[in-house]
Amino acid sequence: MTPTAMSMFFTSLAIGTILTLSSFHWLVAWIGLEINTMAIIPMMTKTPHPRAIEAATKYFLTQASASALMLFSCLISALQTGEWGMNTPPSMMTNPLSLALTMKLGLAPLHFWLPEVLQGISLPTGLILSTWQKIPPMILLFQISAHISLTLMVILSLTSILIGGWGGIGQTQIRKIMAFSSIGHLGWIILILKFNPQLSIFSFALYIIMTTAMFLSLITLSSTKMSQISTSWTKNPALTTTAMLILLSLAGLPPLTGFLPKLLITLELVKQNMVIFATLTMLASLLALFFYLRLTYIITLTLSPNTHGSLTLWRTNTKPYVMYSIISTMALTLLPLAPTILLM
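Residues numbered from 1 in each chain as written. Predicted model: local features only at pLDDT ≥ 70, side-chain atom pairs only at ≥ 80, totals over all residues. Heavy atoms only, no water.

S.K.: In this structure, what is going on with the overall build of the chain? I would like to understand it.
M.R.: Along the backbone of the chain there are 16 helices and 0 strands. For 344 residues, the compact-globule formula gives about 20 Å, and the C-alpha radius of gyration of the chain, at 20 Å, lands near that figure. The principal-axis extents of the C-alpha atoms in the chain amount to approximately 75 × 50 × 35 Å. Sorting the 344 residues of the chain into buried and exposed places 54% on the buried side. Residue pairs in contact within the chain that sit at least 24 positions apart in sequence constitute 77% of those at least 6 positions apart. (Helix = DSSP H or I, 4+ residues; strand = E, 2+ residues; numbered from the N terminus. Rg over C-alpha atoms; globule rule 2.2 N^0.38 Å. Buried < 20%, exposed > 50% of the residue type's maximum accessible area, 1.4 Å probe, protein only. Contact = heavy atoms within 4.5 Å.)

S.K.: Looking at this structure, I do not really get the UniProt feature "transmembrane region" (unreviewed entry) in the chain. What am I missing?
M.R.: Here the UniProt feature "transmembrane region" (unreviewed entry) sits at residues 6–33, 59–79, 139–165, 177–195, 202–223, 243–264, 276–301 and 321–343. Annotated as 79% helix and 0% strand, the span residues 177–195 places its first and last C-alpha atoms 29 Å apart. A helix fraction of 91% and a strand fraction of 0% characterise residues 202–223, whose end C-alpha atoms lie 30 Å from each other. (UniProt positions renumbered as here; feature names shortened; annotations may be inferred.)

S.K.: Looking at this structure, I do not really get the packing of helix H10 (residues 197–221) against helix H12 (residues 237–251). What am I missing?
M.R.: Packed helices, taken two at a time, are described by their axes: the angle between them and the distance between them. Between H10 and H12, the least distance of the axes is 10 Å, while the angle of their chain directions is 150 degrees. Considered as vectors, H10 and H12 are oriented roughly antiparallel to each other. Along this stretch, H10 crosses H12, giving a crossing that reads as left-handed. For the pair H10 and H12, contact is made by Met210, Thr211, Ala213, Met214, Ser217, Thr220 and Leu221 and by Leu239, Thr240, Ala243, Ile246, Leu247, Ser249 and Leu250, respectively. Each residue belonging to the contact of H10 with H12 can be placed in one class, and the counts come to 9 nonpolar, 5 polar and no charged. (Axes fitted to C-alpha atoms, helices over the stretch in contact; angles between N-to-C directions. Parallel < 35°, antiparallel > 145°, perpendicular 65-115°, else oblique. Left-handed = near helix turned anticlockwise from the far one by under 90°. Nonpolar A, V, L, I, M, F, W, Y, C, P; charged D, E, K, R; others polar.)

S.K.: Can you help me understand helix H1 (residues 3–21) in this one?
M.R.: Given 3.6 residues per turn, any residue in an α-helix points the same way as the ones three and four places further on. Compared with an ideal rise of 1.5 Å per residue, which puts 19 residues at 27 Å, H1 spans 27 Å between its outermost C-alpha atoms and is within 8% of the ideal. Residues Ala5, Met6, Phe9, Leu13, Gly16, Thr17 and Thr20 constitute the buried set of H1. One side of H1 carries all its buried residues, which in axial view fall inside an arc of 110 degrees. Exposed residues lying more than 90 degrees from the buried face of H1 are Pro3, Thr4 and Ile18. Looking at the packing, one finds that the buried side of H1 touches helix H2 (26–44), helix H6 (123–130) and helix H7 (135–143). (Expected span 1.5 Å × (residues − 1). Arc of directions from axis to C-beta.)

Dropping the structure here:
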């Protein structure tokens, strides 16, 4: 793909996201989501492989279905209230609208497209799909958080945490593991959306930082399977150690960054007298902890840490990754800065 085409698609992604984030009109927000969808599909088919074409087709059909449900819900709501604004009183179509947005996010039980699509595309496009493409639907959910059903959000979040952990246990493809990791993390995020939207957005920002750092590690190591990442120590020991720590951060282990959102969300649930749900979410997250520790074990303990005989790192790209260093540092060390961040 030529640089001109790539710049055009990235510009369209930015325009669609900004249009959705800055709109107070449902039709304008819907148009921004459609621009985003149309911009990423050519990036998915950049590599003309049958798996990539299949992934792009599944993504298009799923997003088109969610967009149709969203537009239908907005039309019925406008017919009832006479307004297209996002600050209108809740109507009977709030739940279908919430389901359409969660389908775009890939939350369970509307998650079946995400692992297959992520498996069929390249790692850079998977990074965009797992982070950038989730920003507009998440912000729209944030804007209607006062009107959404608490029961619906709790059911979707608990289902997502369970499926995100259960689905990733038997996987050997790292992109599918990252897809189920995304489902589980988004389950934690929307669990608290009704009670504390600001904490939900803060947790979402930390999710984007940690997921970006993990995908950049995989891109640098050129690893898409467990068998490939198990031999990464001899390629780049420092990068492999960083990837291991980022995995532990995604698992939510202290004193890494990933522990912060789970701690704050659990405390908020206890404050809202939802101790049973807090206990269930923590128990369900143990499933995800298992496959994170499994990946960590494969990275660090299945191969003896012996360097190869070559004096040059000819197997990896040795260009300096300034952005990767910054994102990795944020993905590992933000927990001590939590009081300062929360006061900002």
